[in-house]
Amino acid sequence: MKLHVTDETSRLKAVILGTAQSNGPTPTIDEAYDPKSLEHIKAGTYPVEKDMVNEMEAFNEVFKKYNVEVYRPEIIENYNQIFSRDIGFVIDDVFIKANILPDRERELEAIQYVIDQMDQTKVVRPPEEVHIEGGDVMLYNDHIFIGTYKGSDYKDFITARTNMAGVQFIKDLFPHKIVKEFDLVKSKIEPRDNALHLDCCFQPVGSNKGIIYKSGFREEADYMYLVNLFGRENLFHIEREEMYHMNSNVFSIDKDVVVSERNFTRLNNWLRDNGFTVEEIPYAEISKQEGLLRCSTLPLIRQK
C-alpha cells in the first residue's frame, strides 16, 4: 500500500472507517473520556449500539457510492472502536501511530492487518513523552495545523490529547512543512466549552474554505492566523451550540463533496450555496460521544 495524504479534501481512495459492532455497555461515570459522553451517561441518553451501527453503515454506503476502498478494524468484543482518527494518521506517505490513552492501545492492534500492508520504513511510533492524536492534526497545502493545550495543568485534563512535545515531534519529522500549533479551550465538565481536538473547532473544506468556531481557541491570535490565511469571507463561523453538535467535524471525500450530518441545516445550506455536493447522513447518536464524521475516519490514500 502506497500511502498518500497531503490535505483534507483531495479525492479519497482508501480509508479506515471505525466500527460500532460489539461496542460494549454504556460506560460508567468514572469511565467517561470527555464531558459530552459524561453528560449523556448521566442523562440516560447515551447512544445504543444498534443506532450507532446504522449510522456508520450509512457513512459506509456513501464511501461505496464514491468507490472508496474501506478498511474496518477487527472486532474487539465489548469495546469502543468508532473513532479511528484518534489512533493514527498519515502525513504525505508516513503513517504515524498515535500515543493514545493507554487503555485504548488495543484499537491499534485491531488495524495491524492494515499497517502490515504499508512500507514498514514509513511507519512511525513517537516516543512515550509525545502525546498526539489524529483529530488534532490537519493538513493544508504546505501547512500542518496541530491542536494542543499549553496550560500548565495539561496533565489534569483527560481532554488535553496533544502536547507541545507532539508538536515538536511533527516539526522534526517534517522540517519542510509550516507546522502551526493552536492552543485550544478545554473543559472537563462543559462540552460546549471543550475543543477536544482541533477538528472540533476548525476544518478546511474545498480548496480554500473552512468551518471555524472562534471561541474554541484560547488565543485570539491563533484564530486570526486562520482568518488571515483563508480570508474571512471563505470561513463559515459556527456558534456555540453548533460546535457542541460537532458542525466542524464533517468529512471531505473530494474538493467538492462533503459528508455532513443531516441536521446541520445552516452549514449544509452554506456548503451547497458554495458549490459543494453535500451527502447528508444521520450521525447524531455518535455525536453524543464528542466525535463525528472526521473522527470516525483514518484516510490512507487521497489522489495526488
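For the structure, see preceding data.
A few points on the structure. Treat the numbers as computed from the prediction; the structure is a model and nothing was measured.

**Some points on the overall build of the chain**
Okay, so step 1: Secondary structure summary: the chain contains 8 helices and 15 strands in total.
Okay, so step 2: Expected size for 304 residues packed as a compact globule is a radius of gyration near 19 Å; at 18 Å, the chain falls within 12% of this value.
Okay, so step 3: Looking at the 304 residues of the chain, the share that counts as buried comes to 61%.
Okay, so step 4: The contacts in the chain between residues at least 6 apart in sequence include a share of 75% that link residues at least 24 apart.
Okay, so step 5: As displayed, the chain has an accessible area near 12300 Å², and 48% of this comes from carbon and sulfur atoms.
Okay, so step 6: Looking at charge distribution, the chain has the averaged site of its 37 positive side-chain charges lying 3 Å from that of its 51 negative ones.

**Describing helix 6 (residues 220-230)**
Okay, so step 1: Along helix 6, the residues that are buried comprise D222, Y223, L226, V227 and F230. Buried residues of helix 6, viewed axially, fall in a sector of 145°; they line one side. Away from the buried face of helix 6 by more than 90 degrees, exposed residues A221 and N228 are located.
Okay, so step 2: Buried-residue contacts for helix 6 involve strand 6 (137-140), strand 7 (143-148), strand 8 (178-183), strand 9 (202-205), strand 10 (209-212) and strand 11 (235-237).
Okay, so step 3: G231 occupies a position one or two residues after helix 6 and carries a positive phi of about 90°.

**Description of the pattern of salt bridges**
Should their charged atoms come close, side chains of opposite charge can pair.
Okay, so step 1: Scanning all chains against the criterion turns up 22 salt bridges.
Okay, so step 2: Linking K214 and E220 is a salt bridge whose minimum nitrogen-to-oxygen distance equals 3.7 Å.
Okay, so step 3: K288 serves as the salt-bridge partner of E285, at 3.1 Å between the closest nitrogen and oxygen.
Okay, so step 4: Residue E285 is classed as partly exposed on the basis of its relative accessible area of 21%.

**Quick word on unusual backbone geometry**
Okay, so step 1: The phi angle at N78 is positive, at roughly 50°, despite the residue not being glycine.
Okay, so step 2: Among the secondary structure elements, N78 is positioned in the loop between strand 2 (69-71) and strand 3 (88-91).
Okay, so step 3: Notably, N141 is not glycine yet its phi reads approximately 55°, a positive angle.
Okay, so step 4: Its place among the elements puts N141 in the loop between strand 6 and strand 7.

**Considering the environment of E219**
Okay, so step 1: For E219, the position within the fold is in the loop between strand 10 and helix 6.
Okay, so step 2: For the pair formed by E219 and V185, sequence separation is 34 residues and the distance between their alpha carbons is 9.0 Å.

**Remarks on the nonpolar core**
Okay, so step 1: One finds F59, F63, F145, L198, F202, F217 and I253 to be the most contacted residues of the largest nonpolar core, which totals 56 residues.
Okay, so step 2: Of the residues forming this core, the biggest block, 5 residues, is contributed by helix 2 (residues 49-65).
Okay, so step 3: Formed by 34 residues, the second largest nonpolar core is a distinct cluster that contains F95, I144, F169 and F174.

**Observations concerning the packing of aromatic side chains**
Okay, so step 1: One pass over the structure, following the stated rule, counts 13 aromatic pairs.
Okay, so step 2: When the ring of F59 is compared with that of Y283, the centres are 5.7 Å apart and the planes differ by 85°; the resulting orientation is edge-to-face. Here the residue F59 occupies a position in helix 2, and Y283 occupies one in the loop between strand 14 (277-281) and strand 15 (297-302), the gap between them amounting to 224 residues. The pair formed by F59 and Y283 is uniform in burial state, with each residue classed as buried.
Okay, so step 3: Site record: aromatic cluster; members linked through ring pairs are Y140, F145, F182, F202, F217, Y225 and F230.
Okay, so step 4: One Lys or Arg, K36, reaches over the ring of Y244 and ends 4.4 Å from the middle of that ring.
Okay, so step 5: Over the ring of Y79 we find R106, and its NZ or CZ is 4.6 Å from the ring centre.

Calculation rules
- Residues numbered from 1 in each chain as written.
- Predicted model: local features only at pLDDT ≥ 70, side-chain atom pairs only at ≥ 80, totals over all residues.
- Heavy atoms only, no water.
- Helix = DSSP H or I, 4+ residues; strand = E, 2+ residues; numbered from the N terminus.
- Rg over C-alpha atoms; globule rule 2.2 N^0.38 Å.
- Buried < 20%, exposed > 50% of the residue type's maximum accessible area, 1.4 Å probe, protein only.
- Contact = heavy atoms within 4.5 Å.
- Areas by Shrake-Rupley, 256 points an atom, 1.4 Å probe, with all protein chains shown as cover.
- Lys, Arg positive; Asp, Glu negative; His and termini not counted.
- Charge placed at Lys NZ, Arg CZ, Asp CG, Glu CD.
- Arc of directions from axis to C-beta.
- Salt bridge = Lys/Arg side-chain N within 4 Å of Asp/Glu carboxyl O.
- Core = buried A, V, L, I, M, F, W, Y, C linked by side-chain atoms within 4.5 Å.
- Phe/Tyr/Trp six-rings, centres within 6.5 Å; stacked < 30°, edge-to-face > 60°.
- Lys NZ or Arg CZ within 6 Å of the ring centre and 35° of its normal.

Everything listed here is a matter of coordinates, which is why it stays silent on function.
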